Amino acid sequence: MAQDDVFKKVVAHCKEYGFVFPSSDIYDGLGAVYDYGQMGVELKNNIKNYWWQSMVLLHDNIVGIDSAIFMHPTIWKASGHVDAFNDPLIDNRDSKKRYRADVLIEEQIAKYEDKIEKEVTKAAKRFGDSFNRELFCETNPKVLAEKQKRDALNERYATAMNAMDLNELRQIIVDEEIVCPISGTRNWTEVRQFNLMFSTEMGSTSDGAMKVYLRPETAQGIFVNYLNVQKTGRMRVPFGIAQIGKAFRNEIVARQFIFRMREFEQMEMQFFVRPGSELEWFNKWKETRLAWHKALGFGDESYRFHDHEKLAHYANAATDIEFRMPFGFKEVEGIHSRTDFDLSQHEKFSGKNIKYFDPDTNESYTPYVIETSIGVDRMFLSVMCASYCEEKLENGETRVVLRLPAALAPVKLAVLPLVKKDGLPEKAREIMNELKFNFNCYYEEKDSIGKRYRRMDAIGTPYCVTVDHQSLEDGMVTLRERDTMEQRRVAISELCSIIQDKVTITSLLKKLS
Ligand code: GAP
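Predicted, not measured: the structure shown is a model, and the values here were computed from it. (Residues numbered from 1 in each chain as written. Predicted model: local features only at pLDDT ≥ 70, side-chain atom pairs only at ≥ 80, totals over all residues. Heavy atoms only, no water.)

In this section: the sheet that holds strand β9 (residues 239-248). With mixed pairing, 7 strands are arranged side by side in an open sheet as β3-β9-β10-β16-β13-β12-β11. With one partner strand each, in any of the chains shown, β3 (62-64) and β11 (303-307) form the two edges of the open sheet. The average angle at which neighbouring strand axes cross in this sheet is 25°, direction not considered. Relative to strand β12 (residues 317-325), β11 is paired through 5 bridges, and the arrangement is antiparallel. Considered in β12, the bridge of arginine 304 is made with glutamate 322. Against the sheet, helix α2 (residues 38-56) touches β3, β9, β10 (263-273) and β16 (368-375), its axis set at about 160° to β9. On the sheet, helix α13 (residues 376-387) packs against β10, β12, β13 (328-337) and β16 and is oriented at approximately 50° with respect to β16. (Pairing = 2+ DSSP bridges. Helix = DSSP H or I, 4+ residues; strand = E, 2+ residues; numbered from the N terminus. Axes fitted to C-alpha atoms, helices over the stretch in contact; angles between N-to-C directions. Contact = heavy atoms within 4.5 Å.)

Another point: the domain arrangement of the protein. In terms of domain boundaries, the protein breaks down into domain 1 (59-83 + 196-298 + 321-392), domain 2 (86-194) and domain 3 (402-512). On a C-alpha basis, the centres of domain 1 and domain 2 stand 30 Å from each other. Contact with domain 1, which involves 8 residues of that partner, is made by 9 residues of domain 2. A combined buried area of about 710 Å² lies between domain 1 and domain 2, and 55% of that area is made up of carbon and sulfur atoms. Ranking the residues of domain 1 by area buried against domain 2 places Leu196, Ile252 and Val253 at the top, with a combined share of 63%. Our count for the contact surface shared by domain 1 and domain 2 stands at 1 salt bridge. Residues glutamate 251 and arginine 100 are paired through a salt bridge, measuring 3.8 Å at the closest nitrogen-oxygen approach. Taken together, the links from domain 1 to domain 2 amount to 1 residue pair in polar contact (both at pLDDT 80 or more). Taken together, the residues that form the side of domain 1 that touches domain 2 break down as 3 nonpolar, 1 polar and 4 charged. (Domains from an automatic or database assignment. Buried area = accessible area lost by both parts, 1.4 Å probe. Salt bridge = Lys/Arg side-chain N within 4 Å of Asp/Glu carboxyl O. Polar contact = N/O pair within 3.5 Å; in protein donor to acceptor, adjacent residues only side chain to side chain. Nonpolar A, V, L, I, M, F, W, Y, C, P; charged D, E, K, R; others polar.)

Scanning the entire structure with this criterion turns up 17 aromatic pairs. The interplanar angle of 80° and the centroid separation of 5.1 Å between the aromatic rings of tyrosine 34 and phenylalanine 257 together place this pair among those described as edge-to-face. One end of the pair, tyrosine 34, is in strand β2 (residues 34-36); the other, phenylalanine 257, is in the loop between β9 and β10, with 223 residues separating them in the sequence. By relative accessible area, which is 11% here, phenylalanine 257 ends up buried. Their ring planes at 10° and their centres at 4.5 Å tell us that tyrosine 50 and tryptophan 292 sit as a pair that is stacked. Placement of tyrosine 50 in helix α2 and of tryptophan 292 in helix α11 (residues 278-294) is noted, with a sequence separation of 242 residues between them. The two residues tyrosine 50 and tryptophan 292 agree in class, both being buried. Feature note: the residues Phe7, Phe259 and Phe327 constitute an aromatic cluster, connected by ring pairs. Over the ring of tryptophan 292 we find arginine 289, and its NZ or CZ is 4.3 Å from the ring centre. (Phe/Tyr/Trp six-rings, centres within 6.5 Å; stacked < 30°, edge-to-face > 60°. Buried < 20%, exposed > 50% of the residue type's maximum accessible area, 1.4 Å probe, protein only. Lys NZ or Arg CZ within 6 Å of the ring centre and 35° of its normal.)

Contacts to the ligand come from 20 residues, most closely from Glu217, Met261, Glu268, Glu331 and Val332. Between the ligand and glutamate 251 there is a distance of 2.9 Å, counted from a nitrogen atom to a side-chain nitrogen or oxygen. Separating an oxygen atom of the ligand from a side-chain N or O atom of glutamate 331 is a distance of 2.5 Å. For the ligand, whose accessible area on its own is 560 Å², the fraction buried by protein is 91%. (Near = heavy atom within 4 Å. Areas by Shrake-Rupley, 256 points an atom, 1.4 Å probe, with all protein chains shown as cover.)

See below:
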């Protein structure tokens, strides 16, 4: 299936099965804002629990907080968001569509990369087992030509972005002959800066309302609380603070479903370390976070690091963990070595001493910070895309199955009476009532058993049990596994022990330790 089709199907599936709905649906939606339905919220909570527990349970030097969305406006001045949290925008005069200039250029770079990849795939097919990718990339004239164009563009782009040279960004778009995908023309306006923060007013206007912002990242809530937590929790450097919460950005180019939203959720962890040790910790956190992703079992080849060549002025290392989405490798998580920039800025702007006193060395210093920052919604999208599968069965039918890792599945077990009579529903309810304290169970008696299995496959339920007349006699039920569709008779009394270990977050956490 073409990757474009996969993506469209995932989006439609999310709506049809109660995972994600457009916000304000009956009013035709609100741009780049989405609601999670009855299945979506369970999957989302499981992703959040997996992250939270991997941070807070598996590390005795990491604790969590939950800070407010509204914060003192000076915080955003100190962090640089008021002055520099901008996107460079450009309009096409014919289609009247607005684009991010940097995104247009990055898409052009991706086009060169696609061309290289196509040449490599063609050659790999032609040469079979004897194909040497590295040698081919170093010697093939077509690949070398595309690489040269890509590298030149990359360099020019990085220089323009570093200097925030808006004229040069426009010139690159013109020189690369980038056209508007709607009008097909190159009739571009100038490039302008646009701040991404939403603002509102706090207090009534008569007593002088204060302009406040909806936080564009959760991280600042951690920075301004770091000393409260350190002192009250008697934490010693190195230590970390984790937080999950909403963030808001007035994204101009909001596309690709829940990939880029205006209201989204982040899971961020700031790790406070001794100055000088930050790059060692940066590398440790890179490996730790990649292992967290890989433990989900979607295949190691689905991930790659994208180390930043262009670093923000306050960072001394940064990388993204990218996931292979149907629309290419895309950032799901950022890992940044942010030096002491944020804490020093807050010290300067608040006028308070927020240095850490190190009892091991008897000195005070501003800790350096490694940040891991992952979007819940992007993670959700990557899980849905990797799990969605259309399978041809032996009988010629097609089934849609969501191969979710069992620990993330919204429903762990469906309990299905074969028929709606003869005491089978009562027996099924009895099983539900026993198991519902251990994991999320779902009861369903409507439609044929085959249809009910299909419905459970489509929402990713790893196990179904069918209660039949024989069950009333011998206390056994048919247990069906989602992926293999294998069925076997098991004792009702054994259900919990067979299923429990495989569906809890602990099963994932154990792979990490
Ligand atoms: N505190 C650092 C920070 O916020 P970021 O790279 O801007 O860094 C971190 O964002 C993560 O948040 C991204 O990797 C992405 O997963 C998620 N994210 C950022 N903007 C988003 C948006 N508009 N919609 C959905 N997720 C977003």
